[in-house]
Amino acid sequence: KIHSQVLFRPMPMRVSPAHYLTILDHISVFRANGFDFCGPAIEELESGKEVEDPINYSQEQECRLFLKKVPFSKNTTFGID
């Protein structure tokens, strides 16, 4: 079983539009592997609203996706690296 560690403060995910859409499209796979996310993009996804296109957001604008849980196993904690 994969265990998850909740982060003290969710980490902003500054990713490319392609990675952003991949995370949203495969959120169940990420969750099954111990990762979890929060933020406006996840709220829109879970409420059934249309998720805003990441192309419309620049790096300076509000982050819409945050990493809130990372998987760990024994002495190894996995992250975004």
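The coordinates are above.
Residues numbered from 1 in each chain as written. Predicted model: local features only at pLDDT ≥ 70, side-chain atom pairs only at ≥ 80, totals over all residues. Heavy atoms only, no water.

Take helix H3 (residues 40–47) next. Residues that lie three or four places apart on an α-helix share one face, since the helix turns once every 3.6 residues. Of all the residues in H3, the buried ones are Pro-40, Ala-41, Ile-42 and Glu-44. Tucked inside the fold, the buried residues of H3 contact helix H1 (17–25), helix H2 (27–32), strand S2 (36–38) and strand S3 (66–73). (Buried < 20%, exposed > 50% of the residue type's maximum accessible area, 1.4 Å probe, protein only. Helix = DSSP H or I, 4+ residues; strand = E, 2+ residues; numbered from the N terminus. Contact = heavy atoms within 4.5 Å.)

Time to look at the packing of aromatic side chains. Pairs of aromatic rings are described using the distance from one ring centre to the other and the angle between the two planes. According to the stated counting rule, one finds 2 aromatic pairs in the structure shown. Consider the rings of Phe-30 and Phe-35, whose centres lie 6.4 Å apart with planes at 80 degrees: the pair is edge-to-face. For Phe-30, a relative accessible area of 26% gives the class partly exposed. Arranged with centres 5.7 Å apart and planes meeting at 85 degrees, the rings of Phe-30 and Phe-37 form a pair that is edge-to-face. The exposure class of Phe-37 is buried, given its relative accessible area of 4%. Put simply, the rings of Phe-30, Phe-35 and Phe-37 touch in pairs and so form one group of aromatic residues. (Phe/Tyr/Trp six-rings, centres within 6.5 Å; stacked < 30°, edge-to-face > 60°.)

Next up on the list: the nonpolar core. Core analysis: the largest hydrophobic core is formed by 12 residues, namely Met-13, Tyr-20, Ile-23, Leu-24, Ile-27, Phe-35, Phe-37, Ala-41, Ile-42, Leu-65, Leu-67 and Val-70. If you list the elements that add at least two residues to this core, you get H1, H3 and S3. With 3 residues, H1 is the largest single contributor of residues to this core. (Core = buried A, V, L, I, M, F, W, Y, C linked by side-chain atoms within 4.5 Å.)

Before going further, it helps to examine the pattern of salt bridges. Scanning all chains against the criterion turns up 4 salt bridges. Between Glu-46 and Arg-31 there is a salt bridge whose closest N-O contact spans 2.7 Å. Of this pair, Glu-46 sits in helix H3 while Arg-31 sits in helix H2, placing them 15 residues apart in sequence. Overall, the relative accessible area of 52% leaves Glu-46 in the exposed class. With a closest N to O distance of 2.6 Å, Arg-64 and Glu-44 form a salt bridge. Within this pair, whereas Arg-64 is found in the loop between H3 and S3, its partner Glu-44 is found in helix H3, the two being separated by 20 residues in sequence. Given the relative accessible area of 9%, Arg-64 is considered buried. Ionic contacts of the salt-bridge type, sharing partners, join the residues Arg-31, Asp-36, Glu-46 and Lys-68 into one network. (Salt bridge = Lys/Arg side-chain N within 4 Å of Asp/Glu carboxyl O.)

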